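Here is how the chains run, residue by residue.
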Amino acid sequence: MESKVFDFIARERARQERNIELIASENFVSENVLRAVGSVLTNKYSEGYPVERASGNRGRYYGGCEVINELEEYCCQQWKQVFSTDYHVNVQPHSGSQANMAAFLSVLTPGDRILSMRLDNGGHLTHGSPVNFSGKLFDMCFYGINDEGFIDMADVRAKALEQRPKLILAGASAYSRVIDFAAFAEIAKEVGAYFMVDMAHIAGLVAAGDHPSPFGYADLITTTTHKTLRGARGGLIFCRPELARKVDSAVFPGTQGGPLQHVIAGKAVAAEEAQTEDFRNYIHQVVKNCRAMAEEFSRMGYKVVTGGTDNHLFLLDLTDTGLTGKAVQDELDRHGITLNKNAVPGETRSPQQCSGVRIGTAAMTTRGYKEADFIAVARKIDQVIRAMQAENRQ
Ligand SMILES: *Cc1c(COP(=O)(O)O)cnc(C)c1O
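From a predicted model like this one, the values you see are computed outputs, not experimental measurements.

(A) Spatial organisation of unusual backbone geometry. Here the residue pair phenylalanine 252 and proline 253 is connected by a cis peptide bond, since its omega of 5° sits within 30 degrees of zero. The residue proline 253 is located in helix α10 (residues 244-255) in this model. One non-glycine residue, serine 84, lies in positive phi territory at about 45°. In this fold, serine 84 is placed in the loop between α4 (66-82) and β2 (88-90). The exposure class assigned to serine 84 is exposed, which follows from its relative accessible area of 68%. The backbone phi angle of arginine 164 is positive, close to 45°, even though this residue is not glycine.

(B) Inspection of the sheet that holds strand β12 (residues 340-342) at higher detail. Spatial strand order, β9-β10-β13-β12: 4 strands in an open sheet with antiparallel pairing. Of all the strands in the sheet, just β9 (303-304) and β12 have a single pairing partner and so form its edges. The sheet contacts of helix α13 (residues 325-334) involve β12 and β13 (356-360), and relative to β12 the element is tilted by about 170°.

(C) Quick look at the packing of α13 against helix α15 (residues 371-393). The contact between α13 and α15 brings their axes to 10 Å, and the two run at 115°. For α13 against α15, the interelement crossing comes out right-handed. Residues Ala327, Val328, Glu331 and Leu332 of α13 touch α15, and the partners they reach there are Ile381, Val384, Ile385 and Met388. Classifying every residue of the contact of α13 with α15 by side-chain character gives 7 nonpolar, no polar and 1 charged.

(D) How the structure looks around the state of the cysteines. Enumeration over the complete set of coordinates arrives at 0 disulfides. In this model cysteine 239 remains outside any disulfide bridge; the closest cysteine sulfur is found in cysteine 76, 11 Å from its own. Cysteine 354 takes part in no disulfide bond, and the closest cysteine sulfur, belonging to cysteine 290, lies 19 Å away.

(E) Examining the sheet that holds strand β7 (residues 220-224) more closely. One open sheet accounts for 7 strands, arranged β2-β8-β7-β6-β5-β3-β4; its pairing is mixed. Every other strand in the sheet has two partners, leaving β2 and β4 (139-143) as the edge strands with one partner each. Sheet twist, expressed as the average angle between the axes of neighbouring strands with direction ignored, equals 20°. Sheet analysis places strand β6 (residues 194-198) next to β7, joined by 3 bridges and oriented parallel. Bridging from a neighbouring strand, methionine 196 pairs with leucine 220 of β7. Sitting on the sheet, helix α8 (residues 181-191) is in contact with β4, β5 (167-170) and β6, with an inclination near 170° to β5.

(F) The packing of α4 against helix α11 (residues 261-274), seen in detail. Two elements in contact, α4 and α11, have axes separated by 9 Å at closest approach and are oriented at 35°. Between α4 and α11 the crossing geometry is left-handed. Between α4, through Ile68, Leu71, Glu72, Tyr74, Cys75, Gln78, Trp79 and Val82, and α11, the contact on the second element is made entirely by Gln261, Ile264, Ala265, Lys267, Ala268, Ala270, Ala271, Glu272 and Ala274.

(G) Expanded view of the site of the ligand. In the region of the ligand, 13 residues are neighbours, and Gly96, Ser97, Ser173, Asp198 and Lys227 sit closest. Between the ligand and aspartate 198 there is a distance of 2.5 Å, counted from a nitrogen atom to a side-chain nitrogen or oxygen. Within the contact set of the ligand, an oxygen atom lies 2.8 Å away from a side-chain nitrogen or oxygen of lysine 227. Look at the ligand: alone it shows 380 Å² of surface, and the protein chains cover 86% of it. Per-element accounting of the shell around the ligand gives the leading share, 3 residues, to helix α5 (residues 96-107).

(H) Just the pairing of strand β8 (residues 235-239), in detail. The element β8 is extensively covered by neighbouring structure, given that 5 of its 5 residues are classed as buried. On β8, burial covers both faces: Gly235, Ile237 and Cys239 on one face and Leu236 and Phe238 on the other are all buried. As judged from the 3 bridges shared by β2 and β8, these two strands associate in the antiparallel manner. Across the sheet, residue valine 89 finds its bridge partner in β8, namely phenylalanine 238. Of the pairings in the sheet, the one linking β7 to β8 comprises 5 bridges and is antiparallel in character. Along β8, the bridge assignment pairs threonine 224 with glycine 235.

Cut-offs applied
Here, residues in each chain are numbered from 1, in the same order as that chain's written sequence. For a predicted model such as this one, the threshold for reporting local features is a pLDDT of at least 70, and the threshold for listing and counting side-chain atom pairs is 80 or more; totals across whole chains, interfaces and linings nevertheless cover every residue. The side-chain numbers reported here are obtained from all heavy atoms of the structure, hydrogens and water having been left aside. Helix and strand definitions here come from DSSP, where helices need a minimum of 4 consecutive H or I residues and strands a minimum of 2 consecutive E residues; each element is numbered from the N-terminal end. Partly exposed residues are those whose accessible area sits between 20% and 50% of the maximum for their type, while under 20% is buried and over 50% is exposed, using a 1.4 Å probe and protein chains only. Between any two strands, at least two bridges found by DSSP are needed for them to pair. Any two residues having at least one pair of non-hydrogen atoms within 4.5 Å are treated as being in contact. Axis lines are fitted through C-alpha atoms, for helices just across the contact stretch, and the angle between N-to-C directions can take any value from 0 to 180 degrees. Put simply, a crossing is left-handed when the front helix is turned counterclockwise from the back one by less than a right angle, and right-handed when it is turned clockwise. Polar here means any residue other than Ala, Val, Leu, Ile, Met, Phe, Trp, Tyr, Cys and Pro, which are nonpolar, and Asp, Glu, Lys and Arg, which are charged; Gly is therefore polar. In what follows, a disulfide is any cysteine sulfur pair within 2.5 Å. In this text, near means that some heavy atom of the residue lies within 4 Å of the molecule or strand in question. Definition of a polar contact: a pair of N or O atoms within 3.5 Å, with one able to donate and the other able to accept a hydrogen when the atoms are protein atoms, and with sequence-neighbouring residues admitted only if both atoms are side-chain atoms. Only the protein chains shown count as covering a residue, and every accessible area follows the Shrake-Rupley method with a 1.4 Å probe.

Next up, the structure:
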């Protein structure tokens, strides 16, 4: 039978190939990742973990897992190699959000207090938004950024001492500067809190050595595998070995059922790729491209939040242009440039409008873009913005 679905896939493929993709959380995976994810592994049930599945432990688990067991162990071993770590890793979380949920529930009980980065300062939904499980289940308190847009470590420490959280969370979705994991760890130690890092955005940079590593500092580390890591869509949790059992049982049976073994295969392929010289060169280029593009915007008179970037993304503060982030996002969409609106430091507009946009270079660098290409895109964006301003003045 012909399926209508393949029309959608073909149209989406064409869209992806046609557009300039600047969404900081997106990337283009390799053919091997696609092949792994679109494989017969999707047919297999494999609740539990390799060791217990192998022993047929009390008959609680499904049979036929001998190949799957090897695959999942291989995936775990590859990810430990990517980050040169002997932390325990769980490769089953279906997404970054699921990884965070299980990581929280491994060491916390509902009602416990978490200190995290304010959402409108660059944090993620799962870091305590009232509409998300995190904000509903836990007693959230927040630290923020200063007027220039940098994480204010004095504020983090003051909030930690005042609020006495059980867990301190570092990591963000829209922060363009190095995060000082050592300083966070110090504060967590001072107040006796667990220290968790959500490196969803920067994990590829950590793998390539372009951002300091949280390993050795954090008790728990979560990530997505599909952003700068350029793998199958999903999540991972790393933890100190002594937390391994807690983390594993928080994933299964705590918050998930059968693992997605086709996705675990896609994650394993990505882990292999992340250990190559090609990947390291790719990430170095992502960072160089990002810096070149941010500098071009500054040169053209735009306000880049924090004055620049250390990673794969930056934020443009459009307040001075009189345009909203939403309007610029929509107009750029019409010109085949995809990005998203974002709040800026001291935001005055609603989350539906925003005064800025977020720009990332991970995806187009995969497509082969170099500094000059990103500078050309920056100029194109400037033209679109100036045309919008001219129209508004008429
Ligand atoms: C993207 C992101 C997540 C969530 O990932 P999903 O796979 O979309 O659930 C979690 N934390 C941070 C910091 C992120 O940027």
